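# A closer look at the structure
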Amino acid sequence: MRFRILLLAVCSTLASVSVAVAQIPATRNFTLLAQWNEFSLGPTANSYSECWSYIHSDGREYAVIGTNAGTAIYNVTNPAASYRVGLILGPTSIWREMKSYRDWIYVVTEGTGTGQGLQIIRMTNPEAPVLAATYTGSFVRSHTVSVDTTRKLLICNGTRDAAGLATGMRILSIANPEAPVEIAWWPGGALPVSNANYIHDSVPIGTRLYGSSVYAGIQRVFDFTNAAAPALVSSWTYPGAFTHNAWPDSSGNTLYVTDEVNGEPLKVFDISTLTSPVLVNRLTSNPKAIVHNAHVKGRELYLSNYTEGIRALDISDPRHPAEFATADSWPGASGGFFGVWGVCPYFPSGLVIASDMQTGLYVYQPNRNYGLLRVSVVAQPGATPLSGARVRLTPQGDSLETAMDGVLQFAPTPGSYTVSCKLFGYEPASANAVVTAGGITAATLNMQTKPTTAVSGVVRDANTQAVLEGVDITLTDTPLRTQTNASGAYALGAVPEDLYLVQVRRPGYVPVVFSRRVGPGFEMGDFQLTPAAFYDAQEVANGWVVGATGDNATAGFWIRGEPIGTGSAPPASGLGARRAGDPLTSLKGPAQPMHEEPEEGVVVPGDVQPEYDRTPGAGTLCWVTGQGTDPTQIGQADVDNGKTSLTTVVYDLSAYGDPVIGFWRWFFTNTPTDSTDALDIYLSGNGGSTYTLVERVQGLHNAWTESRIRVRDFMAPTSQMRVRFVASDVTPGNVVEAAIDDLVFYEASAPITGVSASPRLALRSPWPNPARGETRFEVSLPREGRLDAEVMDPQGRVVRSLAHGNHGAGQHTLLWDGRNDAGSACAPGLYFVRMRSAGEERQARFVRIR
């Protein structure tokens, strides 16, 4: 029905429609001049795609935007009186991209059916666009299109023929604009073109062609002097590579590369020596954001960032871009494939347009009321530059990490600011600065190193005194984590002096969590772990049941076996594979909803399904969701189209006063923000007649992690206790895997003797503040116990409950999406968050804006 309504809308007369701004985007240094939303299919439907500019020879300016049904063109010469001049219908598709050349617009799509092919729109009379021709020569589908206006060339990327075979990057002469002639294609040879050689996007600048191979995670640069024979001169990969788009600065010595993956920042490469590119910086406006496309105009870089809108950055120093303007049209939570698809800054008048996938075309005027604040972070003594140090700008609230040379740049509104940095192993540092319009202010943060102490020891069984291999030892909220070897020994190296929350965990044993000051004269030494009262390592059949009423997954059902770690071969750069079970720091190309093929991407074996079980020693078996035969096919046996359940046997815990059920879990999803991807853990006290949800695992947790259920936080212990694990994947195309191993239960452990008192409940400042989408709250619990977390209005009324139940010791992140407990959006204004645990209470205030 929606499709029929859309056709009625697009086939109506092309009478002008008054501009109505559906929602006012949150902006900084951008003024919204117009907005058009004529083809929406709903508040979350992808109704729009790319946008671009067309400039007529007489100076009139037009905005072009892809819609589900075709290409819409608007006269924006006077944005306040803008109007649609035409709609060129094409195959129905959520992918549509275009470029302009003289009096023509070239449009490509992944859509098939009537009208498929490269569309050529004649703009001789820009008030009456005409579909002049459709090219269907060597391909009928193309994901993106690029143009070299100087040499009359069109480059079509990610093409496919009528049979659906990948046909590579096609280079066409448009000397006759309405009759393109193919002059070359890359890589040449037999069809179909492999994923490794798939060029998703390219841009020709001078005698170079920059090609981004998204699925292989490779950035390529071609010598384009002879367009009929492009010569590959450089190619490289890098950690986190899902190489989506690239654009050089005006000097050609710096390249900006985007990776269409949640959390992957913009990459800045020094390519002054083209055959030896160097990663010099990484930037993101939000760790949950997806940077989609980058475009350079003079000394400015424009980014389309999906849920974070568009971003404009000053690149007068190309290695250290500084964000001076933002416009965010997506009102929902950060992360995922919503909001802004494209941005185009190439209007002579200075206009900038953006295409929001849900709400259409936006026309902005950028303002440049800012100055540059250049911050250097150095370690003392010696003034050694510190890379990766996060610096916060107050009161604006922005934060950035220093580049490889220890430098970063902010571009705030003129005024007085404080920059501050907290970095593990260093004393905090701050500095004050005054920023002037158009000026550059320098500030240096001198980080004093803390004294360190070498920490090592041995872990033993408290009953037998046998040494224990495979014990996890973690200093919470730090990068310090290790595991004991076959002799039970561990070494954390040089540990900075501080008070730490120490966690010591091993399958089959009662974990210990305590605080300990480490420093000169204070060492950690040896530990002893008490065996759990009950331990099931999953090495023998145990009567657990697969399946439950309501299960509807079509693949990925739970099985017990030796896991086959899934992923693909590591990139050819020699980066190498991770040790199986290590936390994944960045994906190298999981399935992405914004690309039709291939459905699965490039990750290292063990990234998706674990390569090994968690049981130390000779153990090999665990429960996993599905088991394929090819480790490189990450979607071969993952959970699909619903949920699958795994239920334990009945356990008698009636004799325990304060029982804890522990187990080790694994959860992978390639779309960490998708609410339908989850591992839910339920507890029953009546043999399975009813269940209570005790934990929901979402996001990326592809490392073996221990979970603990303190039974009395949810119900009284009984003789009929059962645990149920439910893995869910509802959204088509997502990759979801889960695993369970090493279940135990025991009495809640008594406080450990001979250690210092636990640290206090800690609540970090809400971030971002002020906030439009989600607000993040980070709370650290000194010990395991109940946590109550609530958002309140200024009158002290609870508007949203965030947590009520048992949480483990250590840091936890809670998110608020701006809605109350009834699901309604809360009004902008001042709010408070309250955290209570173990008799302590912490509060913080923050502001929510539209």
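If you're wondering where the values come from, they're calculated on a predicted model, not measured in any experiment.

## A closer look at the overall build of the protein
On a plain count of helices and strands, the protein comes out with one helix and 62 strands. For 850 residues, the compact-globule formula gives about 29 Å, and the C-alpha radius of gyration of the protein, at 29 Å, lands near that figure. Structurally, the protein occupies a C-alpha span of about 85 × 60 × 55 Å along its principal axes. Across the 850 residues in the protein, those meeting the buried criterion constitute 56%. Considering only intrachain contacts with a sequence separation of at least 6, the fraction spanning at least 24 residues in the protein is 61%.

## Here's the deal with the side chain of Glu790
Inspection of the secondary structure assignment puts Glu790 in strand 58 (residues 785-792). Within the local environment of Glu790, its side chain forms a polar contact with the side chain of Arg834, the two groups lying 2.5 Å apart. Looking at Glu790, its side chain comes within polar contact range of the side chain of Arg836, at 3.2 Å. When neighbours within four sequence positions are excluded, Glu790 is seen to be in contact with Val798, Arg800, Ser801, Leu802, His804, Phe832, Val833, Arg834 and Arg836.

## Topic: the sheet that holds strand 13 (residues 166-173)
Taken in spatial order, the four strands of this open sheet run 11-12-13-14, and their pairing is antiparallel. Pairing within the sheet leaves two strands with one partner each, and these edge strands are strand 11 (144-148) and strand 14 (181-186). Averaged over all pairs of adjacent strands, the angle between strand axes in this sheet comes to 25 degrees, irrespective of strand direction. The pairing of strand 11 with strand 12 (residues 153-160) spans five bridges and is classified as antiparallel. Paired with Val147 across the two strands is Leu154, which belongs to strand 12.

## Some words on the sheet that holds strand 5 (residues 70-75)
Strand pairs in the sheet, formed through backbone hydrogen bonds, run parallel or antiparallel to each other. Across the sheet, which stays open at both edges, the four strands sit in the order 3-4-5-6 with antiparallel pairing between neighbours. Each edge of the open sheet is held by one strand with a lone partner, namely strand 3 (48-55) and strand 6 (83-89). Each strand of the sheet is rotated relative to its neighbour by a mean of 20 degrees, with strand direction disregarded. The pairing of strand 5 with strand 6 spans six bridges and is antiparallel. Bridging across to strand 6, Gly70 finds its partner in Leu89.

## A word on a nonpolar patch on the surface
A contiguous nonpolar surface patch, about 180 Å² in accessible area, is contributed by Leu830, Val847 and Ile849. Note on placement: Ile849 falls in the segment after strand 62 (840-848). Accessibility expressed as a relative area gives 32% for Ile849, which makes it partly exposed.

## Re the pattern of salt bridges
As a working rule, side chains carrying opposite charge can pair if their charged atoms are close by. Tallied over the entire structure, the rule returns 30 salt bridges. Its salt-bridge partner being Arg60, residue Glu127 comes within 3.9 Å of it at the nearest N-O pair. Here Arg60 lies in the loop between strand 3 and strand 4 (61-67) and Glu127 lies in the loop between strand 9 (118-122) and strand 10 (130-135), a separation of 67 residues in the sequence. With relative accessibility at 27%, the residue Arg60 sits in the partly exposed group.

## Side note on the pairing of strand 62
Inspection of the sheet shows strand 61 (residues 829-837) paired to strand 62 by nine bridges, in the antiparallel sense. Opposite Met835, over in strand 62, you have Arg842 as the bridge partner. Counting the residues that bridge the hairpin from strand 61 to strand 62 gives two residues, and of these Ala838 lies at a positive phi of roughly 55 degrees.

## Quick notes on the environment of Ser49
By the secondary structure assignment, Ser49 is in strand 3. Note on Ser49: relative accessible area 1%, which makes it buried. Here the alpha-carbon distance between Ser49 and Val280, two residues 231 residues apart in the chain, equals 31 Å. Side-chain polar atoms of Ser49 contact the backbone oxygen of Arg96, separated by 2.9 Å.

## Some thoughts on unusual backbone geometry
Backbone geometry follows two general trends: most residues other than glycine have a negative phi, and most peptide bonds adopt the trans configuration. A cis amide bond links Leu191 to the next residue, Pro192, at an omega of 0 degrees. With respect to the helices and strands, Pro192 occurs in the loop between strand 14 and strand 15 (201-205). Cis rather than trans, the peptide bond between Thr394 and Pro395 has omega equal to 10 degrees. The backbone phi angle of Asp477 is positive, close to 65 degrees, even though this residue is not glycine.

## Concerning the confidence of the model for the protein
Here the protein averages 88 in pLDDT, and 91% of its residues register 70 or above. Low pLDDT, under 50, characterises residues 1-22; the predicted model gives this stretch 28 contacts beyond four residues in sequence or across chains. Low pLDDT, under 50, characterises residues 568-605; the predicted model gives this stretch 111 contacts beyond four residues in sequence or across chains.

## Digging into the environment of Met98
One can find Met98 in strand 7 (residues 96-101). For the pair formed by Met98 and Ile218, sequence separation is 120 residues and the distance between their alpha carbons is 24 Å. Excluding residues within four positions of it along the chain, Met98 makes contact with Glu50, Cys51, Trp52, Val64, Ile65, Gly66, Thr71, Ile105, Tyr106, Val107 and Val145.

## Things to note about the pairing of strand 32 (residues 390-394)
Across the two faces of strand 32 the burial differs, with Val391 and Leu393 buried and Arg390, Arg392 and Thr394 not buried at all. One ladder, built from three bridges, connects strand 32 with strand 33 (residues 399-401); its direction is antiparallel. Directly across from Arg390, in strand 33, lies its bridge partner Glu401. Counted between consecutive antiparallel strands, the loop separating strand 32 from strand 33 contains four residues, among which Gly397 sits at a positive phi close to 90 degrees. In this sheet, strand 35 (residues 415-421) lies alongside strand 32 in antiparallel orientation, the contact comprising four bridges. Its bridge partner lying in strand 35, Thr394 is registered against Thr418.

## What about the packing of aromatic side chains?
Across all of its chains, the model carries 29 aromatic pairs by this definition. With 4.5 Å between their ring centres and 10 degrees between their planes, Phe534 and Phe745 make a pair best called stacked. Placement of Phe534 in strand 45 (residues 534-536) and of Phe745 in strand 55 (residues 736-747) is noted, with a sequence separation of 211 residues between them. The exposure class assigned to Phe745 is buried, which follows from its relative accessible area of 6%. Put simply, the rings of Phe534, Tyr651, Tyr656 and Phe745 pair up and form one aromatic cluster.

## Considering the environment of Leu153
Inspection of the secondary structure assignment puts Leu153 in strand 12. A relative accessible area of 5% means that Leu153 is categorised as buried. When near neighbours in sequence (up to four residues on either side) are disregarded, Leu153 contacts Ser146, Val147, Asp148, Leu172, Ser173, Ile174, Ile183, Phe224 and Ala227.

## Topic: the state of the cysteines
For the structure on display, the rule yields zero disulfides. Here Cys156 is not disulfide-linked; the sulfur of Cys344 is the nearest cysteine sulfur, at 18 Å.

The rules behind these values
- Residues numbered from 1 in each chain as written.
- Predicted model: local features only at pLDDT ≥ 70, side-chain atom pairs only at ≥ 80, totals over all residues.
- Heavy atoms only, no water.
- Helix = DSSP H or I, 4+ residues; strand = E, 2+ residues; numbered from the N terminus.
- Rg over C-alpha atoms; globule rule 2.2 N^0.38 Å.
- Buried < 20%, exposed > 50% of the residue type's maximum accessible area, 1.4 Å probe, protein only.
- Contact = heavy atoms within 4.5 Å.
- Polar contact = N/O pair within 3.5 Å; in protein donor to acceptor, adjacent residues only side chain to side chain.
- Pairing = 2+ DSSP bridges.
- Axes fitted to C-alpha atoms, helices over the stretch in contact; angles between N-to-C directions.
- Patch = residues over 30% accessible without salt bridge, like charges linked within 9 Å, V, L, I, M, F, W, Y side chains within 5 Å.
- Areas by Shrake-Rupley, 256 points an atom, 1.4 Å probe, with all protein chains shown as cover.
- Salt bridge = Lys/Arg side-chain N within 4 Å of Asp/Glu carboxyl O.
- pLDDT = per-residue confidence, 0-100.
- Phe/Tyr/Trp six-rings, centres within 6.5 Å; stacked < 30°, edge-to-face > 60°.
- Disulfide = S-S within 2.5 Å.

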